[in-house]
Amino acid sequence: MAVTTAAPGVGVWGAIWQGITRSTSGFVGLCLVLSVLLFSFVGPLLIETDNPTDVTKIWGPMTSEHWLGTNHEGKDTFIQLVLGGREPIWVGLTAALITVAIAVVLGSLAGYLRGRIDHFLLQLTDITMTIPFIVLMLVIASFYRAASPLMVSLIIGLVTWPYLMRSIRAQVLTLKEREFIEAARLQDLGTARIIFVEVLPNMAGYIFINFIIAITNAIYAVVGMYLLGLLPSTAANWGLMIQQAWDNNAFLLPQAAPFLVAPMVMIMLFQIGLVTMTRSLEQALNPRLRDR
C-alpha cells in the first residue's frame, strides 16, 4: 500500500476535511458519527436518567411515556439506550488509541533500526498474534468479576496491535529510503527526531485511517464480549442490552423488539458512519485514489 499524504499545499487536517466533504457518503458518515456521539454523551444530560424497575410494566409497548417500551425489568428502553452508548464508544476509542500507539512506536523502530531490534519485535509480534482473544477473555473474566472499561480497553489494545505494526513497519521501510530521510540522517539529527518528526508526519493520513478502523474493530469486540457474557453487567451499555434481550427471549415477543433492535441499530449507524468516513478519507489521502 502506498504511503498516504495530503494534497500539495494542504495540511493533513485540511485534507481530512476535504476528504469528508468532497463526497456525499463521507459527509453523511460524519453526520452519523456526530449524531451517535451527541446522542450518547450529551443525551444523558438532557433527560431524566432515573430508571427504576417496575414489575407491572414488564415488556410494555411503545407509548408517549415510554417511547421504545420497557424491558424485562419494566425499565424504560429509551433511557437505557441513551445511557448505553458511552461505555462501548469510550472503550473503542481508548482501545484504538492503545493499538495505534503501540503499533506506530514498535513498527517505526523495527522498520527504521532493522537488525536485532527488528528481529526481536517481529518475534514479539508473532507471539502476540498467536494469543487466542476469546480464551484470554475467559481467563480474565474468571479472575476479575468486575473488569473496568479501562481494563477491557487495555486487553483489546494489547492483543490487536500486531497487524497494524507490520503495516507501519512496511511503510517505514519504504520511507527510510527517501532523499529527505537520507538528508536528515547525514545531518545526524538523531533517531528519535528522524522517526517522529520526519517519518511519521508523512504517514499521518494512513495512521488516522487505521485509527478509525481500530475503533470499529474494538467496538465490535467489546459488544461481542458482552453478548457472550464475558464481561460483567456493571453498567448500562448496548452490548449488555443485546445480551439481556437474548437471555430473556426478546426475539420471541413482538412488544420486546425495540429492546433488541434499538441497540443494534445504534451500533450499525455508528459503524456505517465510521466506514463511510474511512472510505472518503482514503480517497483523499491516498495519492493513487485522490484523482479517481
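All values reported here derive from a predicted model rather than from experimental measurement. (Residues numbered from 1 in each chain as written. Predicted model: local features only at pLDDT ≥ 70, side-chain atom pairs only at ≥ 80, totals over all residues. Heavy atoms only, no water.)

## Here we look at the overall build of the chain
Summing up its helical and strand segments, the chain has 14 helices and zero strands in all. Shown N-terminal to C-terminal, the secondary structure of the chain runs as helices and strands in the order α-α-α-α-α-α-α-α-α-α-α-α-α-α. Every one of the 292 residues in the chain was classed for burial, and the buried ones make up 48%. Taking contacts inside the chain between residues at least 6 apart in sequence as the whole, the part at least 24 apart equals 73%. When the accessible surface of the chain is split by element, carbon and sulfur atoms take 65% of a total near 14900 Å². (Helix = DSSP H or I, 4+ residues; strand = E, 2+ residues; numbered from the N terminus. Buried < 20%, exposed > 50% of the residue type's maximum accessible area, 1.4 Å probe, protein only. Contact = heavy atoms within 4.5 Å. Areas by Shrake-Rupley, 256 points an atom, 1.4 Å probe, with all protein chains shown as cover.)

## Some words on helix α6 (residues 115-129)
Between its terminal C-alpha atoms α6 stretches 21 Å, which fits the 21 Å expected from 15 residues at 1.5 Å a residue. All buried positions along α6 are accounted for by D118, L121, L122, T125 and T128. What you see down the axis of α6 is that its buried residues fit within an arc of 120°, all on one side. Residues of α6 that are exposed and angled more than 90 degrees away from the buried face: R116, H119, F120 and I127. Its buried side turned inward, α6 meets α5 (86-113) and α8 (149-175). (Expected span 1.5 Å × (residues − 1). Arc of directions from axis to C-beta.)

## Examining the environment of M203
Considering the arrangement of structural elements, one finds M203 in the loop between α10 (191-199) and α11 (204-227). Distance in space between the C-alpha atoms of M203 and Q171 is 7.9 Å, their sequence separation being 32 residues.

## Regarding the UniProt feature "transmembrane region" (unreviewed entry) in the chain
Taking the numbering used here, the UniProt-annotated feature "transmembrane region" (unreviewed entry) corresponds to residues 27-47, 89-113, 120-140, 146-164, 203-231 and 251-270. Its end C-alpha atoms 36 Å apart, residues 203-231 is made of 83% helix and 0% strand. Helix makes up 70% of residues 251-270 and strand 0%. Its end C-alpha atoms lie 23 Å apart. (UniProt positions renumbered as here; feature names shortened; annotations may be inferred.)

## Concerning the packing of α5 against α6
Interhelical geometry of α5 versus α6 gives an angle of 140° and a closest axis separation of 7 Å. One element, α5, and the other, α6, form an angle in the oblique class. The way α5 lies across α6 gives a crossing that is left-handed. Within the contact between the two elements, α5 uses L106, L109, A110 and L113 and α6 uses G115, I117, D118 and L121. Among the residues forming the contact of α5 with α6, the class breakdown is six nonpolar, one polar and one charged. (Axes fitted to C-alpha atoms, helices over the stretch in contact; angles between N-to-C directions. Parallel < 35°, antiparallel > 145°, perpendicular 65-115°, else oblique. Left-handed = near helix turned anticlockwise from the far one by under 90°. Nonpolar A, V, L, I, M, F, W, Y, C, P; charged D, E, K, R; others polar.)

## Remarks on the packing of helix α9 (residues 179-186) against α10
Helix-helix packing is characterised by the crossing angle of the two axes and by the distance between the axes. Two elements in contact, α9 and α10, have axes separated by 11 Å at closest approach and are oriented at 150°. Comparing their axes, α10 and α9 come out roughly antiparallel. Handedness of the α9/α10 crossing: right-handed. The residues of α10 that touch α9, namely those facing F180, I181, A184 and R185, are I194, E198 and V199.

## A closer look at the packing of aromatic side chains
Counting across every chain of the model gives four aromatic pairs. Aromatic side chains W67 and F78 sit 5.0 Å apart centroid to centroid with 50° between the ring planes, which places their arrangement in the tilted category. Remark: F78 occurs in helix α4 (residues 77-83) and W67 occurs in the loop between α3 (43-46) and α4; sequence separation between them is 11 residues. Overall, W67 belongs to the exposed group, its relative accessible area being 54%. On the basis of relative accessible area, F78 is assigned to the buried category, the value being 18%. Pairwise contacts between aromatic rings join F39, W67 and F78 into one cluster. The residue whose ring lies beneath K176 is Y112, and the NZ or CZ to ring-centre distance is 5.4 Å. (Phe/Tyr/Trp six-rings, centres within 6.5 Å; stacked < 30°, edge-to-face > 60°. Lys NZ or Arg CZ within 6 Å of the ring centre and 35° of its normal.)

## Considering unusual backbone geometry
Of note, the phi angle at W59 is positive, near 50°, even though the residue is not glycine. Counting through the fold element by element, W59 comes out in the loop between α3 and α4.

## Side note on the side chain of N237
Topologically, N237 is positioned in the loop between α11 and α12 (238-247). Note on N237: relative accessible area 1%, which makes it buried. Among the polar contacts listed, one links the side chain of N237 to the backbone nitrogen of L240, at a separation of 2.8 Å. Residues contacting N237, with those up to four places away along its chain left out, are G84, E87, P88 and Y226. (Polar contact = N/O pair within 3.5 Å; in protein donor to acceptor, adjacent residues only side chain to side chain.)

## Focus: the confidence of the model for the chain
When pLDDT is averaged across the chain, the result is 83; 86% of the residues are at 70 or more. The secondary-structure element of the chain with the lowest mean pLDDT is helix α14 (residues 287-290), recorded at 50, while α4 shows the highest, at 94. This model gives residues 1-9 a pLDDT under 50, and the stretch forms 29 contacts once residues within four places in sequence are excluded. (pLDDT = per-residue confidence, 0-100.)

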